[in-house]
Amino acid sequence: QLQLVESGGGLVQPGGSLRLSCAASGSTLNTYAIGWFRQAPGKEREGVSCISTSGVTTYSDSVKGRFTISRDNAKNTVYLQMNSLKFEDTAIYYCATRRVYGSYCSRMTYEYNTWGQGTQVTVSS
C-alpha cells in the first residue's frame, strides 16, 4: 500500500527558501500524478502545485514563479522547491497522489486519494 512522508519544513525568514520532499513507499510513484497542497490555520486546504506522470506541471497563481515541483522516479520522491517565501506561505504542506497516466494533473483536493501527514512551514521574521 502506498504511503507518503513529507519532510523539509521548518522556520524561515521572508525571502528565504525551503525544499520539501515527499517520499513514497509501498509503490512506485511513476504511475501517479502528485500534488502539493497547503492548509493555513482557519483556511481550507488549497492546491499549490501538481506534476503529472509525463512531467507536466501546474501552479497556483499565488506561488507561480517562486515554487518549483519536480519528481525523481529513481528515488521515488517528489520535491517542492520554495523560493522567495512570504508570510502568507505559512501553512502545513501535504503531498498527495492520484493514479493517472499522461499529462493530466490537478490541484483539486478531491481528486487525490493518498495523503501524507504534512510538514509545517512557518515564514516569520
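Structure shown above.
So, a few notes on the structure that sits alongside this text. None of these values were measured; they are calculated from a predicted model.

**With respect to the overall build of the protein**
Okay, so step 1: When helices and strands are counted, the protein shows zero helices and eleven strands.
Okay, so step 2: Beginning at the N terminus, the succession of helices and strands in the protein can be written as β-β-β-β-β-β-β-β-β-β-β.
Okay, so step 3: For the protein, whose C-alpha radius of gyration is 13 Å, the value lies close to the compact-globule estimate of 14 Å for 125 residues.
Okay, so step 4: C-alpha atoms of the protein, sized along the principal axes, occupy 40 × 25 × 25 Å.
Okay, so step 5: Looking at the protein as a whole, 48% of its 125 residues qualify as buried.
Okay, so step 6: Counted over contacts in the protein with a minimum sequence separation of 6, partners at least 24 positions apart contribute 63%.

**Observations concerning the pairing of strand β8 (residues 77-82)**
Okay, so step 1: In terms of residue burial, β8 counts as a mostly covered element, since five of its six residues are buried.
Okay, so step 2: Taken together, the six bridges between strand β7 (residues 67-72) and β8 define a ladder with antiparallel strand orientation. If you follow Phe67 over to β8, its bridge partner there is Met82.
Okay, so step 3: Where β7 folds back on β8, the antiparallel hairpin that results is connected by four residues, among which Asn76 adopts a positive phi of roughly 55 degrees.

**Things to note about unusual backbone geometry**
Okay, so step 1: One non-glycine residue with positive phi stands out, namely Asn76, at about 55 degrees.
Okay, so step 2: The topology assignment puts Asn76 in the loop between β7 and β8.
Okay, so step 3: For Asn76, a relative accessible area of 14% corresponds to the buried category.

**Some details on the nonpolar core**
Okay, so step 1: Counting 27 residues, the largest nonpolar core has Trp36, Phe67, Val78, Leu80, Met82 and Tyr93 as its most contacted members.
Okay, so step 2: For this core, the elements supplying multiple residues, two or more each, are β3 (18-25), β4 (33-39), β5 (46-51), β7, β8, β9 (91-98) and β11 (119-123).
Okay, so step 3: Looking at this core element by element, the count peaks at four residues for β3.
Okay, so step 4: Within the second largest apolar cluster, seven residues are counted, among which are Ala96, Val100, Cys105 and Tyr112.

Calculation rules
- Residues numbered from 1 in each chain as written.
- Predicted model: local features only at pLDDT ≥ 70, side-chain atom pairs only at ≥ 80, totals over all residues.
- Heavy atoms only, no water.
- Helix = DSSP H or I, 4+ residues; strand = E, 2+ residues; numbered from the N terminus.
- Rg over C-alpha atoms; globule rule 2.2 N^0.38 Å.
- Buried < 20%, exposed > 50% of the residue type's maximum accessible area, 1.4 Å probe, protein only.
- Contact = heavy atoms within 4.5 Å.
- Pairing = 2+ DSSP bridges.
- Core = buried A, V, L, I, M, F, W, Y, C linked by side-chain atoms within 4.5 Å.

Bear in mind that shape data such as this cannot, by itself, settle questions of function.
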